[in-house]
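Chains, contacts and geometry: an overview
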Amino acid sequence: MSINSGGSITGALYGLYGQDFDKFENVLLKGVKKSVIKRILLSRFSLIPAFVLFLLFSSMVGLLFTSVSWIVLNMLVAIIVIILFFQFDLFPFSKIIEQAYDKYFFKGKTLSSFKDEVILAINATNAETGTLFIFSKKKMSDSSYRYPKDGGIPIFFNHKNFPIAKAVAASTCVPFIFTPVKIFKDYFNNNEDYKRVKPRLVDGGVSSSSLVRNIASLITSFSL
């Protein structure tokens, strides 16, 4: 079963509990009653940057009525540049979503927790390569990394301990709204490969649209 985007939540739960429908239904219904958006808005990762921006814009409004009003334009340009280049550090929404998914649905389970009876593939789009990045019980991979651009040996990942919540967060990561999901050094079979490639994962559905994929890749490049 191949799943992506919003369907990856239900699909991943089925991969864990598909043979126990009562358990599957119970976890799914309890989880969907929780508000992930509310968790994002009330998170310190949202409140602190929002408060800082509020103070900055309040200061700018006040400066408009002083003899140094010219500073406002410089401040506005600086804010735009900072948000453009550091938006994913200032607003790490995908990290919050991952934490919510783990709390509400997956409880710390990893890809190795999927049942053998269900052959499942969770799809995300790798903005670095423009191809699918696939998570499953047996592996996680991007086909492009079998033939890396640097001409080196193929790159493989340590999938067994990879959190299901992070895989689902990657598959549901809507470009321009949520932070691209990164694959950290611990999940590379060879830690040195972390220096060779920088996967940045967004919604699995993006790979079907070349235009959206190219735009997403451009925006995501700021986080590389």
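The rules behind each value
- Residues numbered from 1 in each chain as written.
- Predicted model: local features only at pLDDT ≥ 70, side-chain atom pairs only at ≥ 80, totals over all residues.
- Heavy atoms only, no water.
- Helix = DSSP H or I, 4+ residues; strand = E, 2+ residues; numbered from the N terminus.
- Buried < 20%, exposed > 50% of the residue type's maximum accessible area, 1.4 Å probe, protein only.
- Contact = heavy atoms within 4.5 Å.
- Areas by Shrake-Rupley, 256 points an atom, 1.4 Å probe, with all protein chains shown as cover.
- Patch = residues over 30% accessible without salt bridge, like charges linked within 9 Å, V, L, I, M, F, W, Y side chains within 5 Å.
- Salt bridge = Lys/Arg side-chain N within 4 Å of Asp/Glu carboxyl O.
- Lys, Arg positive; Asp, Glu negative; His and termini not counted.
- Charge placed at Lys NZ, Arg CZ, Asp CG, Glu CD.
- Core = buried A, V, L, I, M, F, W, Y, C linked by side-chain atoms within 4.5 Å.
- Axes fitted to C-alpha atoms, helices over the stretch in contact; angles between N-to-C directions.
- Parallel < 35°, antiparallel > 145°, perpendicular 65-115°, else oblique.
- Left-handed = near helix turned anticlockwise from the far one by under 90°.
- Nonpolar A, V, L, I, M, F, W, Y, C, P; charged D, E, K, R; others polar.
- Pairing = 2+ DSSP bridges.
- pLDDT = per-residue confidence, 0-100.

Examining the overall build of the protein chain
Helix and strand content of the protein chain: eight helices and six strands. Counted from the first residue to the last, the protein chain has its helices and strands arranged as β-α-α-α-α-α-α-β-β-β-α-β-β-α. When each of the 224 residues of the protein chain is scored for burial, the buried share is 42%. Sequence separation of at least 24 residues holds for 65% of the intrachain contacts in the protein chain that already meet a minimum separation of 6. Carbon and sulfur atoms provide 63% of the accessible area of the protein chain, an area that totals close to 12,400 Å².

Concerning a positive patch on the surface
Together, Lys23, Lys30, Lys33, Lys34, Lys103 and Lys107 make up a positively charged patch on the protein surface. Inspection of the secondary structure assignment puts Lys107 in the loop between helix H6 (93–106) and strand E2 (121–126). What makes Lys107 exposed here is its relative accessible area of 55%.

Quick notes on the pattern of salt bridges
Taken as a whole and assessed by the stated rule, the structure comprises five salt bridges. Glu98 is the partner of Lys166 in a salt bridge, and the nearest nitrogen-oxygen pair spans 3.0 Å. In this pair, Lys166 sits in helix H7 (residues 164–171) while Glu98 sits in helix H6, placing the two residues 68 residues apart along the sequence. You can call Lys166 buried: its relative accessible area is 6%. Overall, the relative accessible area of 11% leaves Glu98 in the buried class.

Comments concerning the nonpolar core
Tyr101, Phe106, Phe135 and Ile183 are the most contacted members of the largest nonpolar core, which has 46 residues in total. When contributions to this core are tallied by element, the ones reaching two or more residues are helix H1 (7–17), helix H2 (21–32), H6, E2, strand E3 (131–135), H7 and strand E6 (200–203).

A few points about the environment of Lys138
Along the chain, Lys138 turns up in the loop between E3 and strand E4 (140–142). Linking Lys138 and Leu120, residues 18 residues apart in sequence, is a C-alpha distance of 9.5 Å.

Description of the packing of H6 against H7
Contact geometry of H6 with H7 gives a least axis separation of 8 Å together with a crossing angle of 125 degrees. Relative to H7, the element H6 lies oblique. The two elements H6 and H7 cross, and the hand of that crossing is right-handed. In contact with Ser94, Glu98, Tyr101, Asp102 and Phe106 of H6, H7 contributes Ile164, Ala165, Lys166, Val168 and Ala169. When grouped by side-chain class, the residues that make up the contact of H6 with H7 number six nonpolar, one polar and three charged.

Quick notes on the pairing of E6
In summary, the side chains of a regular strand alternate between the two faces of the sheet. Bridge count between E2 and E6: three bridges; the pairing is antiparallel. Bridging from a neighbouring strand, Thr125 pairs with Val202 of E6. Alignment of strand E5 (residues 181–182) against E6, held across two bridges, turns out to be antiparallel. Note that in E6 the partner of Lys182 across the bridge is Arg200.

Quick look at the confidence of the model for the protein chain
Of all residues in the protein chain, 82% have pLDDT values of 70 or greater, and the mean over the chain is 81. Every residue in residues 210–223 scores below 50 in pLDDT, and together they form 24 contacts with partners more than four places removed in sequence or on other chains.

Remarks on the side chain of Ser141
Looking at where Ser141 falls in the secondary structure, it is placed in strand E4. On the basis of relative accessible area, Ser141 is assigned to the buried category, the value being 18%. Those residues in contact with Ser141 that lie beyond four places of it in its chain are Leu132, Phe133, Ile134 and Phe157.

Details of the pairing of E3
Direction of pairing for E2 relative to E3: antiparallel, over a ladder of five bridges. In the sheet register, Ile122 faces E3, and the bridge partner there is Phe135. Between the end of E3 and the start of E4, which pair antiparallel, lie four residues.

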